[in-house]
Amino acid sequence: MKIIFTLKQFNMSYLRFAVLFLISAQMQAQELFVVTDPASNIPANSLSVRLSQSLFEEQFSQEYNYHLMPEVTYGLNKNLMVRATAFVSNRNSQLVTEGGGFYAKYRFFSTDDLNSHFRLAAFGRYSFNNADIHQDQIEIMGHNTGFETGLVATKLIKKVAISSSVSFEKAFDNKPNYPFPSELGNNATNYTLSFGKLMYPKKYTSFKQTNINLMVEFVGQTINENGKSYLDVVPAIQFIFNSQARLDLAYRREIMSSMMRTAPNGIYLNLEYNFFNIIK
């Protein structure tokens, strides 16, 4: 009788763990935004490999601007993750590696309930780039050398995630050949607001089910020295397979702008795969 009772206890504990895992996987799925990072991190001792691609239409020519950004993210622990990214572009009519960047995010506040949670995190990024500087917009993810630091907050309630961030970004010279133009503002305030909703499955029964998320993100910037601004909207659809692989398809469109941007409108196609518990 004692052995039977122990086995029952074990089975109930396993069942509770499995249910909590499935709920957690469902809850976090709709936080995986396309162009912004939520306050949540990837799991500790896990490695994420991502291939980000974008194709944007040039404003002043009939050409398209293609960017390829392979990146690797590692979860050092539940509160801290780090990322390395390479920048490849066809701006000079052929694919050329123009630079790279390093990113870190630290989650310093977290509250959890069964069907909701709230996160606060601080993040920082440094990038280097050797391409020409050709627009008012500051973008250290693929265009400018510089740094960015900021805060992000994410709230999840059942199947809906809301995330917002604010950051300071500063650009430097793109060495060795392109000093930052003196007539442009070299620092800016960035702000984002993102919404995501899990659309399928309606009832979550297994981590092997394909998840389909719909999301919309608003991304903006104001140059601090002259007040020039832009605001974009990014609707997206996202597929998550086997709780491990991810496919994003998004379209970015300029809503308003008072700054010169060479290619504000285009599409994203991102592929990602996660390796869990790579260090035992």
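Relevant structure appears above.
Calculation criteria
Residues numbered from 1 in each chain as written. Predicted model: local features only at pLDDT ≥ 70, side-chain atom pairs only at ≥ 80, totals over all residues. Heavy atoms only, no water. Helix = DSSP H or I, 4+ residues; strand = E, 2+ residues; numbered from the N terminus. Contact = heavy atoms within 4.5 Å. Salt bridge = Lys/Arg side-chain N within 4 Å of Asp/Glu carboxyl O. Buried < 20%, exposed > 50% of the residue type's maximum accessible area, 1.4 Å probe, protein only. Pairing = 2+ DSSP bridges. Axes fitted to C-alpha atoms, helices over the stretch in contact; angles between N-to-C directions. Core = buried A, V, L, I, M, F, W, Y, C linked by side-chain atoms within 4.5 Å. Phe/Tyr/Trp six-rings, centres within 6.5 Å; stacked < 30°, edge-to-face > 60°. Lys NZ or Arg CZ within 6 Å of the ring centre and 35° of its normal.

Observations concerning the overall build of the protein
Stage number 1. Scanning the protein from terminus to terminus reveals one helix and 12 strands.
Stage number 2. Mapped in sequence order, the helices and strands of the protein form the string α-β-β-β-β-β-β-β-β-β-β-β-β.
Stage number 3. Long-range contacts, defined as pairs at least 24 residues apart, comprise 59% of the intrachain contacts of the protein with a sequence gap of at least 6.

Digging into the pattern of salt bridges
Opposite charge on two side chains lets them pair, provided their charged atoms get close.
Stage number 1. Counting across every chain of the model gives 13 salt bridges.
Stage number 2. A salt bridge links arginine 83 to glutamate 71; its shortest N-O distance comes to 3.6 Å. Remark: glutamate 71 occurs in strand β2 (residues 64-75) and arginine 83 occurs in strand β3 (residues 80-89); sequence separation between them is 12 residues.
Stage number 3. Judged by its relative accessible area of 11%, arginine 83 is buried.
Stage number 4. For aspartate 232, the salt bridge goes to arginine 252, with nearest N and O atoms at 2.8 Å.

Structural notes on the sheet that holds strand β9 (residues 211-223)
Stage number 1. An order of β1-β2-β3-β4-β5-β6-β7-β8-β9-β10-β11-β12 is seen for the 12 strands of this closed barrel, with the pairing classed as antiparallel. Averaged over all adjacent pairs, the angle separating strand axes in this sheet is 20°, with direction ignored.
Stage number 2. In terms of strand pairing, β9 meets strand β10 (residues 229-241) through 12 bridges, oriented antiparallel. By the bridge assignment, isoleucine 212 is partnered in β10 with phenylalanine 239.

A few points about the nonpolar core
Stage number 1. Formed by 21 residues in total, the largest nonpolar core has its most connected members in Val34, Ala250 and Tyr268.
Stage number 2. The set of elements that each furnish at least two residues to this core consists of β7 (160-171), β9 and β10.
Stage number 3. Excluding anything up to four places from it in sequence, tyrosine 268 contacts Val34, Val35, Gln53, Ser54, Phe56, Val234, Asp248, Leu249, Ala250 and Arg252.
Stage number 4. One finds Ala39, Ile42, Phe123 and Val152 within the second-largest nonpolar core, a separate group that totals seven residues.

Things to note about the packing of aromatic side chains
Stage number 1. For the structure on display, the rule yields seven aromatic pairs.
Stage number 2. On the numbers, 6.1 Å between centres and 65° between planes, the contact of phenylalanine 109 with phenylalanine 118 is edge-to-face.
Stage number 3. The class for phenylalanine 118 is partly exposed, based on a relative accessible area of 25%.
Stage number 4. When the centroid spacing of 6.1 Å and the interplanar angle of 50° are considered together, the rings of phenylalanine 147 and phenylalanine 168 count as tilted. Of the two residues, phenylalanine 147 is situated in strand β6 (residues 146-157) and phenylalanine 168 in strand β7; the sequence distance between them amounts to 21 residues.
Stage number 5. Under the relative-accessibility criterion, phenylalanine 147 is labelled partly exposed at 28%.
Stage number 6. What links up through ring pairs into an aromatic cluster is the set Phe147, Phe168 and Phe172.
Stage number 7. When the ring centre of tyrosine 230 is taken as reference, the NZ or CZ atom of arginine 261 above it lies at 3.7 Å.

Remarks on the pairing of strand β1 (residues 47-57)
Stage number 1. Bridge count between β1 and strand β12 (residues 265-275): 11 bridges; the pairing is antiparallel. If you follow valine 49 over to β12, its bridge partner there is tyrosine 273.
Stage number 2. Here 11 bridges tie β1 to β2, and the two strands are oriented antiparallel to one another. Along β2, the bridge assignment pairs glutamate 57 with tyrosine 64.
Stage number 3. Between β1 and β2, which pair antiparallel one after the other, the connecting turn spans six residues.

Some thoughts on the pairing of β2
Stage number 1. For β2 and β3, the ladder comprises seven bridges, and the chain directions are antiparallel. Its bridge partner being in β3, tyrosine 74 is matched across the sheet by valine 82.
Stage number 2. Hairpin connection from β2 to β3: four residues lie between these consecutive antiparallel strands.

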